[in-house]
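Breakdown of the fold
So the chains spell out like this:
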Amino acid sequence: MAAETETKPVVTEEEKKEEPAKEVAEAPAEKKEVTEEAAKSENHTEAQAAPAEAKKPAEPKPNVHKLDFEKDTVYLYQFSRTPLLPSLSPYCLKVETWLRLAGLKYENVDHKTKFRSKKGQLPFVELNGEEIADSALILKELSKRFEKDLDAGLTPEQKTVAHATVSMIENHLIWVEAWWRAKNPDLMIKGYKVNLQHALGTRLPNGILNFIFKFHYGRKLSKKVKAQGIGVHSAEEIEKFGEEDLKVLSDLLADKPFFFGDEPTTLDCVAFSVLAQLHFLAEDVKYPLRDYLTENCQNLIGFVSRLKERCYPDWDEICTKLDLNAHLPKPEPEQKENKEGDDKEKTAEQDKNDKNEELEKDKDKSDEKTEKTENKDKEEAK
């Protein structure tokens, strides 16, 4: 088998000398072609980038209900007002009371209880296009952002007591109240004089709304109370739980204006929001826990009155007019201004008409006098 051999072309010495010169001569041409291709490529890339820059995606809209919000204004979503209490929810009343004590600019949104937070809760707030839900987190976040810590002056020991007491109120006493409401939804409506037609923003008769409310609200809340644990006990045991909680609060307050002295703190907001639900219930509605508060915890009633006067000078206006934003200055009604303008214009027009009438009368008198004079002259001439 013949072995394979590699055949190489014969290159002369002159050709060897010419090859480097040829490579050098051809190099600029190749480089030029590469440069032109690169330039074309860059121009093509720039042409593609220009439309991309021109078509920048629009910034996403804030995922909130209040799109025309004002910077650093807190928009509060809660339940509607009642004739006896600014809010039937202790959590909603707690947040609004804290906002007033902190002196923050806020506005209630009249949503007729149609909206809930992304967590399914009321209250929630919107601030600068962002939602903050859960009353405890709302207070914590707003306190940080606006540097309004109501508890800044408390000692470490007082902060510990406050934390434990708030936990007792919100994880125990509130559920004692919720149990009573779940068992007596009709007394709840009567006791707070709730107008469901106004609260829900509907034209359905209150009789129908009350029936639906009693059935659905009572049933739903009963499940929650039972799941929490309070609901498995007897009525006597639950009432005793509530009385013990009230006694603890009364002993802690003692004869002080507020729980830790002369200035209210977060604990005062929480306690006020729950005690107010008992204190402002209509007197003709029987409620043993309210009676215990009245008869055995007079200092707590005094506390509720003090915080009400401090935070809610517009309480009567809120409850009478059911105004969610009684705290905000009201602009002059435009209709009144227009009416005044119309009256002025009407008066000016009336004056002008009166003057024209007088001129017409004077002219008529003058014409009549001239006619009489002419007739007299004709008679004399005859």
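Bear in mind that the values here come from a model prediction, so they are computed numbers and not experimental data. (Residues numbered from 1 in each chain as written. Predicted model: local features only at pLDDT ≥ 70, side-chain atom pairs only at ≥ 80, totals over all residues. Heavy atoms only, no water.)

What follows deals with the sheet that holds strand S2 (residues 106-108). Taken in spatial order, the 4 strands of this open sheet run S2-S1-S3-S4, and their pairing is mixed. Edge positions in the open sheet fall to S2 and strand S4 (130-133), since each of these has one partner strand only. Between one strand axis and the next, the sheet turns through 25° on average, direction left out of account. As defined by bridge partners, strand S3 (residues 124-127) adjoins S4 across 4 bridges and the pair is classed as antiparallel. If you follow Phe 124 over to S4, its bridge partner there is Ala 133. Across the sheet, helix H3 (residues 135-146) is in contact with strand S1 (74-77), S3 and S4; its angle to S4 comes to roughly 130°. (Pairing = 2+ DSSP bridges. Helix = DSSP H or I, 4+ residues; strand = E, 2+ residues; numbered from the N terminus. Axes fitted to C-alpha atoms, helices over the stretch in contact; angles between N-to-C directions. Contact = heavy atoms within 4.5 Å.)

Quick look at the packing of aromatic side chains now. Within the structure shown, the criterion is met by 9 aromatic pairs. Residues Tyr 77 and Phe 124 carry aromatic rings whose centres are separated by 4.4 Å and whose planes lie at 10° to one another, so their mutual orientation is stacked. Within this pair, whereas Tyr 77 is found in strand S1, its partner Phe 124 is found in strand S3, the two being separated by 47 residues in sequence. Members of the aromatic cluster, connected to one another through ring pairs, are Phe 272, Phe 280, Tyr 312 and Trp 315. (Phe/Tyr/Trp six-rings, centres within 6.5 Å; stacked < 30°, edge-to-face > 60°.)

What follows covers helix H4 (residues 156-183). Taking 1.5 Å of rise per residue, the 28 residues of H4 would be expected to cover 40 Å, and the 40 Å separating its terminal C-alpha atoms lies within 8% of that figure. Within H4, the axis deviates most sharply at Ile 169, by approximately 35°. (Expected span 1.5 Å × (residues − 1). Bend = angle between axes of the 7 residues up to and from the residue.)

Take the nonpolar core next. Leu 246 and Phe 303 are the most contacted members of the largest nonpolar core, which totals 78 residues. Other than its neighbours up to four places away in sequence, Phe 303 contacts Leu 253, Pro 257, Phe 258, Phe 259, Asp 268, Ala 271, Phe 272 and Leu 275. Listed in part, the 6 residues of the second largest apolar core include Val 109, Leu 122, Phe 124 and Ala 133. (Core = buried A, V, L, I, M, F, W, Y, C linked by side-chain atoms within 4.5 Å. Buried < 20%, exposed > 50% of the residue type's maximum accessible area, 1.4 Å probe, protein only.)

What follows concerns the side chain of Glu 96. When you line up the elements, Glu 96 lands in helix H2 (residues 90-102). Side chain to side chain, Glu 96 and Gln 78 meet in a polar contact 2.9 Å long. Among the polar contacts listed, one links the side chain of Glu 96 to the side chain of Arg 81, at a separation of 2.9 Å. The residues contacting Glu 96, other than those within four sequence positions of it, are Leu 76, Gln 78, Arg 81, Tyr 106, Asn 108 and Tyr 312. (Polar contact = N/O pair within 3.5 Å; in protein donor to acceptor, adjacent residues only side chain to side chain.)

This brings us to the layout of surface pockets. Within this model, the largest pocket holds a volume of roughly 1400 Å³. In terms of lining residues, the largest pocket is bounded by 42 residues, among which Phe 79, Arg 116, Tyr 217, Leu 221 and Lys 224 are the most central. Sorting the residues of the lining of the largest pocket by element identifies H2, H3, H4, helix H5 (185-191), helix H6 (196-200) and helix H7 (206-228) as the ones contributing at least two each. For the lining of the largest pocket, the element with the highest residue contribution is H7, accounting for 8 residues. Residues of the lining of the largest pocket, tallied by class, amount to 23 nonpolar, 10 polar and 9 charged. Put simply, the second largest pocket is a space of about 480 Å³. Looking at the second largest pocket, it is lined by 22 residues, and the ones nearest its centre are Ala 136, Asp 151, His 163, Val 166 and Thr 266. Of all elements in the fold, only H2, H3, H4 and helix H9 (266-279) reach the threshold of two or more residues within the lining of the second largest pocket. (1 Å grid on protein atoms, 1.4 Å probe; cavity = no way out; pocket = protein on both sides within 12 Å on 5 of 7 lines; lining within 4 Å. Points joined across faces, edges and corners; volume = space filled by probe spheres on them. Nonpolar A, V, L, I, M, F, W, Y, C, P; charged D, E, K, R; others polar.)

The alternating pattern of S3 places Phe 124 and Glu 126 and Val 125 and Leu 127 on opposite faces, both of which are buried. Note that S1 and S3 share 4 bridges and pair antiparallel. Its bridge partner being in S3, Val 74 is matched across the sheet by Leu 127. Between S3 and S4, which pair antiparallel and follow one another directly, the connecting turn spans 2 residues, one of which, Asn 128, has a positive phi of 50°.

Residues with a pLDDT of 70 or more make up 71% of the chain, whose mean pLDDT is 83. In the model, residues 1-12 has pLDDT below 50 throughout and makes 3 contacts with residues more than four positions away in sequence or in other chains. For residues 14-34, every residue scores under 50 in pLDDT, and the model assigns this stretch 3 contacts once sequence neighbours within four places are set aside. (pLDDT = per-residue confidence, 0-100.)

A few words on the packing of helix H8 (residues 235-253) against helix H10 (residues 288-296). The geometry of H8 relative to H10 is characterised by a closest axis approach of 10 Å and an angle of 25° between their N-to-C directions. Compared by their axis directions, H8 and H10 come out roughly parallel. You can see that H8 and H10 cross each other, and the crossing is right-handed. Contact with H8, carried on its side by Glu 239, Gly 242, Glu 243, Leu 246 and Lys 247, involves Pro 288, Leu 289, Tyr 292 and Leu 293 of H10 and no other residues of that element. Per-class residue counts for the contact of H8 with H10 are 5 nonpolar, 1 polar and 3 charged. (Parallel < 35°, antiparallel > 145°, perpendicular 65-115°, else oblique. Left-handed = near helix turned anticlockwise from the far one by under 90°.)

The next subject is the pattern of salt bridges. The full count for this structure, using the stated rule, is 16 salt bridges. A salt bridge links Glu 70 to Lys 105; the shortest N-O distance between them is 2.8 Å. A residue pair is termed long-range when its members are at least 10 positions apart, and Glu 70 in the loop between helix H1 (13-54) and S1 and Lys 105 in the loop between H2 and S2 qualify at 35 residues. With a relative accessible area of 42%, Glu 70 lands in the partly exposed category. The partner of Arg 290 in a salt bridge is Asp 291, with the nearest N and O atoms 3.0 Å apart. Residues participating in the shared-partner salt-bridge network are Arg 81, Glu 96, Arg 100 and Asp 314. (Salt bridge = Lys/Arg side-chain N within 4 Å of Asp/Glu carboxyl O.)

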